Amino acid sequence: MKVETIPLLSDNYGYLLLDPSNKSAVCIDPSESGPIIQRLRALGYRLSQIWLTHHHWDHVNGVSELVEAFKPEAILASIYDLERRRVPYQNQVAHEQSTIGFAGNVLKTHEVPGHTLGALAYEIDGSLFCGDTLFFGRLRSVV
């Protein structure tokens, strides 16, 4: 799996997780669609999933156009956001310690209420995608 950081808006980022084995991709927090669509088409990848950390416009504004362009199978966000219909096209939910596979890796989700009540962080292959919620962290060593 490869991770690409995509600059969005004037001061935001979205992320592409790329699986070279089948040319599929996940997009995390697409605040706008244009740069995401351009990059996926340049690489020849299809968008299979969209993962949202929370419902704010600067994280979800590109969802509708990405759905129209690629028809991804999964639009994932918190059950809290689904119950309030705050994420466009959301069709899957995640909660604390949900697990989903992508590119031979296991995604673990973490509920991180603080910035919003439905905020999620996604942990996969040594990376943590936490949207706007990283207020305090403590690393622990594993022996």
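Reading guide: rules and limits
- Residues numbered from 1 in each chain as written.
- Predicted model: local features only at pLDDT ≥ 70, side-chain atom pairs only at ≥ 80, totals over all residues.
- Heavy atoms only, no water.
- Buried < 20%, exposed > 50% of the residue type's maximum accessible area, 1.4 Å probe, protein only.
- Helix = DSSP H or I, 4+ residues; strand = E, 2+ residues; numbered from the N terminus.
- Arc of directions from axis to C-beta.
- Contact = heavy atoms within 4.5 Å.
- Pairing = 2+ DSSP bridges.
- Axes fitted to C-alpha atoms, helices over the stretch in contact; angles between N-to-C directions.
- Salt bridge = Lys/Arg side-chain N within 4 Å of Asp/Glu carboxyl O.

**Structural notes on helix α1 (residues 34-43)**
Note that an α-helix has 3.6 residues per turn; residues three or four places apart therefore point the same way.
Part 1 of the reasoning: Regarding α1, the residues found buried are I36, I37 and L40. Along the long axis of α1, the arc covered by the buried residues comes to 95°, so they all point the same way. Opposite its buried face, α1 presents the exposed residues Q38 and A42, each directed more than 90 degrees away.
Part 2 of the reasoning: Looking at the packing, one finds that the buried side of α1 touches β1 (2-8), β2 (12-19), β3 (24-28), β4 (46-51) and α3 (63-70).

**Re the sheet that holds strand β9 (residues 120-124)**
Part 1 of the reasoning: Pairing in this open sheet of four strands is antiparallel, and the strands run β7-β8-β9-β10 from one edge to the other. Two strands bound the open sheet, and with one partner strand each, they are β7 (99-102) and β10 (127-129). Pairs of neighbouring strands in the sheet enclose a mean axial angle of 25°, with direction left out of account.
Part 2 of the reasoning: Both β7 and strand β8 (residues 105-111) contribute to a ladder of four bridges, which runs antiparallel. Bridging from a neighbouring strand, F102 pairs with N105 of β8.

**Examining the pattern of salt bridges**
Part 1 of the reasoning: Applying the stated criterion across every chain yields a total of five salt bridges.
Part 2 of the reasoning: E83 is the salt-bridge partner of R84, the closest N and O atoms lying 3.4 Å from each other.
Part 3 of the reasoning: According to the relative accessible area criterion, E83 is exposed, its value standing at 55%.
Part 4 of the reasoning: Three or more residues joined by partner-sharing salt bridges are found here, namely K2, E4 and R39.

**Some thoughts on unusual backbone geometry**
Part 1 of the reasoning: Even without glycine at this site, L9 takes up a positive phi of about 50°.
Part 2 of the reasoning: Position of L9 among the secondary structure elements: in the loop between β1 and β2.
Part 3 of the reasoning: Here the phi dihedral of R85 falls at roughly 50°; this positive angle occurs in a residue that is not glycine.
Part 4 of the reasoning: When you line up the elements, R85 lands in the loop between α4 (79-83) and β6 (92-94).

**Quick notes on the sheet that holds β3**
Part 1 of the reasoning: Strand order in the open sheet made by the six strands is β1-β2-β3-β4-β5-β6, with mixed pairing throughout. Sheet topology places β1 and β6 at the edges, where each strand pairs with a single neighbour. Between one strand and the next, the sheet's axes are offset by a mean angle of 25°, whatever the strand orientation.
Part 2 of the reasoning: Here β2 pairs with β3 via five bridges, running antiparallel. Residue pairing across strands places D19 opposite S24, the latter belonging to β3.
Part 3 of the reasoning: In this fold α3 packs onto β3, β4 and β5 (74-78), with an angle of close to 150° to the strand it touches most, β4.

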